[in-house]
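# Geometric and topological summary
Each chain, written out:
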Amino acid sequence: MKSGAVQGELQYPQGIKWTKQRKCVYAILWQATEPLSAVQIYNRVDKDETEGMYAVSTIYRILAAFEEKGLVNKTTWMGDGTVVYELNRGEHTHYAVCLACHKRIALQNCPFAHVHLEQETTDFTVTAHKLELYGYCKDCKKSQEE
Ligand SMILES: [Zn+2]
Ligand SMILES: [Zn+2]
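What you see is a predicted model; the values in this text were computed from it and never measured.

The next point concerns the overall build of the chain. Within the chain one finds 5 helices and 6 strands. Counting across all 146 residues of the chain, residues that qualify as buried make up 11%. Once local pairs closer than 6 in sequence are excluded, the contacts in the chain between residues at least 24 apart make up 50%.

As a further point, take the pairing of strand 3 (residues 83-87). In this structure, strand 1 (residues 36-37) lies alongside strand 3, joined through 2 bridges in antiparallel fashion. Residue pairing across strands places S37 opposite V84, the latter belonging to strand 3. Relative to strand 3, strand 2 (residues 72-76) runs antiparallel, the two sharing 5 bridges. Counterpart to N73 in the pairing with strand 3 is E86.

Once that is clear, we can look at the confidence of the model for the chain. Where the model shows low pLDDT, its predicted coordinates should not be examined in detail. Confidence along the chain averages 82 in pLDDT terms, with 80% of residues attaining 70 or more. The lowest-confidence element of the chain is helix 4 (residues 115-119), averaging 57 in pLDDT; the highest-confidence one is strand 1, averaging 94.

Mapping P13 onto the fold places it in the segment before helix 1 (20-31). Considering only alpha carbons, one finds P13 and K69, 56 residues apart in sequence, at a separation of 9.8 Å.

Thresholds, definitions, all that
Residues numbered from 1 in each chain as written. Chains lettered and ligands numbered in written order. Predicted model: local features only at pLDDT ≥ 70, side-chain atom pairs only at ≥ 80, totals over all residues. Helix = DSSP H or I, 4+ residues; strand = E, 2+ residues; numbered from the N terminus. Buried ≥ 20, exposed ≤ 12 C-beta atoms within 10 Å, placed from the backbone. Contact = placed C-beta atoms within 7 Å. Pairing = 2+ DSSP bridges. pLDDT = per-residue confidence, 0-100.

As C-alpha cells, this is what we get:
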C-alpha cells in the first residue's frame, strides 16, 4: 500500500463491529492525506484482499456506519458537489480549492481556532465549523497571466 505522511500506528476504535471490509476502508482513510470520495476509496481498495466488496454502494454503507459512530467527517466540496470523507482525528484541516484545476491545498492554520472559546460566553456554543476557500492556485494564476 502507498503510504503518505502518516504518523503513529493504525488502530481500530472500539464500539463498532470490524468486518474485513470496514477495516479496509478505515485503513484507506487513515492513510489518506486529503478527504476522499467513496469512488476514490473504492479505487484504492485492494480487491484481492476483500472478497465481496464489489460495489461503490458497499463503500457508502460502510461510510454511513462510520459517520454514525463519529469516526469520519463528511464534507461536500462546494466547487463540484463531491461528497468526501475524512477520518475524524480530533483535529481538522481547512482547504483552499482552485476553481480552475480543482486542486485542494490544506491550510496550515484554522482561522477559527480562537472563535470557539470566544463564543462560549454568548447564547450559542460552537462545537464545529466548516470553511472552504476558493480561488486560483499558483500554477493556474500563472497561466492566466501569460
Ligand atoms: Zn489550479
Ligand atoms: Zn477550523
